Amino acid sequence: MPYFKKNERPAPDPKIWDELKTHSDGLGGAMLDVTELDATKNDGYLIKGCPAYLDFSTKTAHVVKAALVVAGGTTSAPRVSKNHLYKVGDFVYVSGDAVTINAIDTSTLAYDVLTLSAACTGATAGAIIVQALAAGATPAAKYTANVILGNRVKIVAGVTVDCIYKVDQWVEKARIPYPVSAATVSALNPNIILK
C-alpha cells in the first residue's frame, strides 16, 4: 500500500480559531475511542474542530456524532450531508423515538442516505440527527460535547487527540467541519462559543 496518492494532496486543516487563544486538556491529550468510528470515512481521518466528549477520569475522547438532513429523502430514509460520522448500528433521533441505522448508501456524491429501522420523527430538511444512547422512547444523547478536537487525526487504535476545552474568542459555527446540534452549541457554551 503506498504512503501517498500521486497528484493528490489531503485537504488542509480548516482555520477555525487563533491557536494562541486555545486551552487544551493538558499534556499528552486523550486516547480517541475508535471503536465507534468508521475508518473509511474522510479517507480515515477526523478533522480538526470535531465536537467530542472527553471523559476526564479515563482520558478517553468520544466523538459527538450528528448529521444534517438535506431535502429529498423520507423520515425512514433521510438524505444527509456527507460530513457525518455515523455507521450501521448507531441509534439516532431528532424529536421522537430513537431508531437504528440499518444501512448507509454512500453512492451519491451530494449526500448519503440512512436507511432506518423505522421513521425518525422530525428528520426533515434542515434538521440535525443526533446519536442516541439506545433505541426507543424518550431518547438521550449518547455523548454531550465538552471539548473540540484540536488536530486532524488518523482513525487508528491508540491514537491520541488534542482536546480543546476553551477558546478565548468566539468560533464561527460554519467553520466547524461537522454538523453541530443546538444541544452541542449549548453544552460547549460558555467555554467555546459557537456563532
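See the structure above.
Attention here is on the structure that accompanies the text. Because the structure is a prediction, the values reported are computed rather than measured. (Residues numbered from 1 in each chain as written. Predicted model: local features only at pLDDT ≥ 70, side-chain atom pairs only at ≥ 80, totals over all residues. Heavy atoms only, no water.)

1. Some words on the nonpolar core
Where we set the bar: For this analysis, a nonpolar core means a set of buried residues of the types Ala, Val, Leu, Ile, Met, Phe, Trp, Tyr and Cys, connected via side-chain atoms within 4.5 Å. Relative accessibility thresholds used throughout: buried, under 20% of the residue-type maximum; exposed, over 50%; partly exposed, between the two (1.4 Å probe, protein chains only). Note on conventions: DSSP H or I runs of at least 4 residues are helices, E runs of at least 2 residues are strands, and numbering of each starts at the N terminus.
Ranked by internal contacts, the top residues of the largest apolar core, which has 19 residues, are Leu32, Leu46, Cys50, Val63, Leu149, Val161 and Cys163. Looking at this core, the elements that each hand over two or more residues are strand S2 (30-32), strand S4 (51-55), strand S5 (60-63) and strand S12 (147-149). Counting 15 residues, the second largest nonpolar core, distinct from the first, contains Tyr143, Ile148, Val171 and Ile192.

2. Notes on the packing of aromatic side chains
Aromatic rings in a pair are described by how distant their centres are and how their planes are angled relative to each other. Here is the rule we go by: Any Phe, Tyr or Trp ring, taking Trp's six-membered ring, that has another such ring centre within 6.5 Å forms a pair; planes under 30 degrees apart are called stacked, those over 60 apart edge-to-face, and the others tilted. A positively charged side chain is recorded as over a ring if its NZ (Lys) or CZ (Arg) lies within 6 Å of the ring centre. The angle to the ring normal must also be within 35 degrees.
Counted under the stated rule, the structure contains one aromatic pair. The lysine or arginine in question, Arg152, covers the ring of Tyr45, its NZ or CZ lying 3.9 Å from the ring centre.

3. Here's the deal with the sheet that holds strand S10 (residues 112-116)
What counts, and what does not: We treat two strands as partners when DSSP finds at least two bridges between them.
Reading around the circumference, S6-S7-S10-S9-S8-S11 is the order of the six strands in this closed barrel, with antiparallel pairing throughout. Pairing of strand S6 (residues 66-70) with strand S11 (residues 128-132), which is carried by three bridges, proceeds in the antiparallel orientation. Looking at the pairing, Ala67 lines up with Ile129 of S11.

4. Examining the side chain of Thr100
To be explicit about the condition: Every residue pair with non-hydrogen atoms within 4.5 Å of one another is taken to be in contact.
Along the chain, Thr100 turns up in strand S9 (residues 99-105). Residue classification places Thr100 among the buried positions, given a relative accessible area of 18%. In this structure Thr100 touches Gly89, Asp90, Phe91, Thr115, Leu116, Ser117 and Ala135, once residues within four positions along its chain are discounted.

5. Looking at the side chain of His84
To keep things clear, this is the line we draw: Any N or O atom pair separated by 3.5 Å or less is treated as a polar contact, with the protein-specific requirement of one donor-capable and one acceptor-capable atom, and with residues adjacent in sequence counted only for side-chain atom pairs.
With respect to the helices and strands, the residue His84 is situated in the loop between strand S7 (79-80) and strand S8 (91-93). With relative accessibility at 1%, the residue His84 sits in the buried group. Among the polar contacts made by the side chain of His84, one reaches the side chain of Asp112 at a distance of 2.8 Å. Contacts of His84, omitting those with residues within four sequence positions, involve Lys41, Ala66, Ala67, Ile104, Asp112 and Leu114.

6. Description of the sheet that holds S5
Taken in spatial order, the seven strands make up an open sheet running S1-S15-S12-S4-S5-S2-S14, and their pairing is mixed. The strands lining the two open edges of the sheet, one partner per strand, are strand S1 (22-24) and strand S14 (160-161).

7. Points about the pattern of salt bridges
Put simply, the test is: The salt bridge criterion pairs a side-chain nitrogen of Lys or Arg with a carboxyl oxygen of Asp or Glu, the two atoms within 4 Å.
One pass over the structure, following the stated rule, counts eight salt bridges. In this structure, the salt-bridge partner of Asp25 is Lys59, at a minimum N-O distance of 2.3 Å. With Asp25 in the loop between S1 and S2 and Lys59 in the loop between S4 and S5, this pair connects stretches of sequence that are 34 residues apart. Overall, Asp25 belongs to the buried group, its relative accessible area being 17%.

Everything listed is a geometric property; what it means functionally is a separate question.
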